[in-house]
Amino acid sequence: MKCTVCRGEAVIDLRRHNANFCRDHFLRFCRDQVAKAIAEHRMFGRDDRVLVAVSGGKDSLALWDLLVDMGYQAEGLYIDLGIGSYSEASTAASVDFAERRGLTLHRIDLREQHGYDIPTAAAVTRRVPCSSCGLSKRHLFDEAARTGGFDVVATGHNLDDEAAVLLGNVLHWQTEYLGRQAPVLEERDGFPRKVKPLVRLSERETAAYCVLRGIDYIVEECPMAAGNRHLRYKEALNALEAASPGTKHAFYFEFLDKAADRFRPEARASQEELRPCTSCGAPTTAEVCAFCRLLERVQGAEPVPVEVLGSKGRRRRRRNGAAPRRAPGDGETATAAGAGERVRR
Ligand code: Q46
Ligand code: ZN
Ligand code: ZN
């Protein structure tokens, strides 16, 4: 297999681009795709301070590495969610990445600083863990950007993530969400601008990028992701992509070009007026923001270990004293491993 650019030994084939790349040309391809996303969607400039949402996974570490490599001012923020060994490994990967490169990693420990963790919040609220987790992360990233003087929050959402969210929104005709789905969410009344510079790269490509750059990311998936319907949408899109390379890219980018604007009025109409939360000052449509209401319910609750939650995260009863089976990881692990098979360092 020869590199399409230099005819040297290729390490990866990209069927949707009808190209093979050697190590150097693949890394250049990744940088070019990110540069194109930043420029096309006017995400940020050289003078902007970027706060990268770091999880220790391949996407967020690849994103941080790319932005620093491209000369942007990017600091990381990592939130320890208290999800057992998964969080321990995530913390280690994030801290190790930042230390090796001498980068600034801000850290928040939910249990230590806010008195709860995600398994406990899921059990107390009796909702899927991703619900309190997403709410906590959004609030804490927004707050950190506001108090830290950052211009923009960057997340590691890739093409697979965005195409899966789009498929979900289309299948349920969530017109309001369709009107908001974009690689950039503009700043609004105290909410920072949010950007997704990896939208032009697939999951397999960010995994390959990490392997080739020697980035040790956490391969283990969040044990609480099982049952997440986006995983099923990803599988469906992977089947379509295998039969017809380029399907995901066309689905997402043609939506942005040809259809997204049609849904903007619905998204605007649903935007209620924001005012400061009477408890923490964050922008909210209610008197007290959702995060403060969550805190009221979960702070001080008896901690629930991750092993006591079922596959959907709700508390499970132990039978005969036996520990419940731990929820399996999702398809991303398989993707990352798949990338590893086809990528040589
Ligand atoms: S960490 Fe949190 Fe994710 Fe785990 S509980 Fe769900 S949202 S799956 S990106
Ligand atoms: Zn080459
Ligand atoms: Zn609040």
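Note that the structure is a prediction, hence the values are computed from the model and not measured.

(A) Fine view of the coordination of the zinc ion (ligand 2). For the zinc ion (ligand 2), the full set of protein donor atoms is C3 (SG), C6 (SG), C22 (SG) and H25 (ND1), at a range of 2.0 to 2.4 Å. Classification of the site at the zinc ion (ligand 2) rests on its four donor atoms, whose angles at the metal span 96 to 115 degrees, yielding the label tetrahedral. Read in sequence order, the donor residues for the zinc ion (ligand 2) give the motif C-x2-C-x15-C-x2-H. Pair noted here: C3 is in the segment before β1 (12-14) and C22 is in the loop between β2 (19-21) and α1 (23-40), with a separation of 19 residues, a long-range link. Comparing C3 with C22, the two get one shared label, buried.

(B) Seen up close, the site of ligand 1. In the vicinity of ligand 1, the residues found are L81, C130, C133, K137, C222 and A225. Split by residue class, the shell around ligand 1 holds five nonpolar, no polar and one charged.

(C) Quick peek at the packing of helix α10 (residues 229-243) against helix α11 (residues 247-258). Contact geometry of α10 with α11 gives a least axis separation of 8 Å together with a crossing angle of 115 degrees. Contacts from L237, N238, L240 and E241 in α10 reach T247, K248 and F251 in α11.

(D) How the structure looks around the side chain of D109. By the element assignment, D109 lies in strand β5 (residues 105-109). No salt bridge is formed by the buried D109, whose closest oppositely charged neighbour, R107, lies at an N-O distance of 6.3 Å. At 3.0 Å, the side chain of D109 and the backbone nitrogen of E112 are in polar contact. In this structure, D109 is in contact with D80 and H114, ignoring residues within four places of it in sequence.

(E) The sheet that holds strand β3 (residues 49-54), seen in detail. Taking strand neighbours across the sheet as the criterion, the six strands line up as β5-β4-β3-β6-β8-β7 in an open arrangement whose pairing is mixed. Strands at the two margins of the open sheet, each flanked by one partner only, are β5 and β7 (184-185). Bridge count for β3 against strand β6 (residues 152-154) is three bridges, and the pairing is parallel. Across the sheet, residue V52 finds its bridge partner in β6, namely A154. Its contacts with the sheet put helix α3 (residues 84-101) on β3, β4 (73-80) and β5, and the angle it makes with β4 is roughly 160 degrees.

(F) Seen up close, the nonpolar core. Of all hydrophobic cores here, the largest spans 56 residues; its most connected members are F26, F44 and L67. Counting residues per element, this core draws most heavily on α1, at seven residues. Residues in contact with F44, not counting those within four places in the same chain, are I38, V50, L67, Y72, V152, R193, V195 and P197. By size, the runner-up hydrophobic cluster in this structure holds 31 residues, among which are I83, F141, A144 and A225.

(G) Broad picture of the coordination of the zinc ion (ligand 3). Within the protein, the atoms that donate to the zinc ion (ligand 3) are C277 (SG), C280 (SG), C289 (SG) and C292 (SG), at distances of 2.3 Å. For the zinc ion (ligand 3), the four donor atoms in the first shell make angles of 106 to 115 degrees at the metal, a pattern classed as tetrahedral. Taken in sequence order, the residues that donate to the zinc ion (ligand 3) follow the motif C-x2-C-x8-C-x2-C.

(H) Inspection of the confidence of the model for the protein at higher detail. Per-chain confidence: the protein averages 89 in pLDDT, with 89% of residues scoring 70 or above. Segment residues 315-345: pLDDT under 50, and 55 contacts once partners within four positions in sequence are set aside and those in other chains are kept.

(I) Structural view of the environment of Q174. Looking at the element boundaries, Q174 is found in the loop between α7 (159-171) and α8 (175-178). Here the alpha-carbon distance between Q174 and E266, two residues 92 residues apart in the chain, equals 10.0 Å.

The rules behind the values
- Residues numbered from 1 in each chain as written.
- Chains lettered and ligands numbered in written order.
- Predicted model: local features only at pLDDT ≥ 70, side-chain atom pairs only at ≥ 80, totals over all residues.
- Heavy atoms only, no water.
- Donors = N, O, S within 2.8 Å, 3.2 Å for Na, K, Ca; no water.
- Tetrahedral: all angles 85-135°; square planar, octahedral: opposite > 155°, others 65-115°.
- Helix = DSSP H or I, 4+ residues; strand = E, 2+ residues; numbered from the N terminus.
- Buried < 20%, exposed > 50% of the residue type's maximum accessible area, 1.4 Å probe, protein only.
- Near = heavy atom within 4 Å.
- Nonpolar A, V, L, I, M, F, W, Y, C, P; charged D, E, K, R; others polar.
- Axes fitted to C-alpha atoms, helices over the stretch in contact; angles between N-to-C directions.
- Contact = heavy atoms within 4.5 Å.
- Lys, Arg positive; Asp, Glu negative; His and termini not counted.
- Salt bridge = Lys/Arg side-chain N within 4 Å of Asp/Glu carboxyl O.
- Polar contact = N/O pair within 3.5 Å; in protein donor to acceptor, adjacent residues only side chain to side chain.
- Pairing = 2+ DSSP bridges.
- Core = buried A, V, L, I, M, F, W, Y, C linked by side-chain atoms within 4.5 Å.
- pLDDT = per-residue confidence, 0-100.

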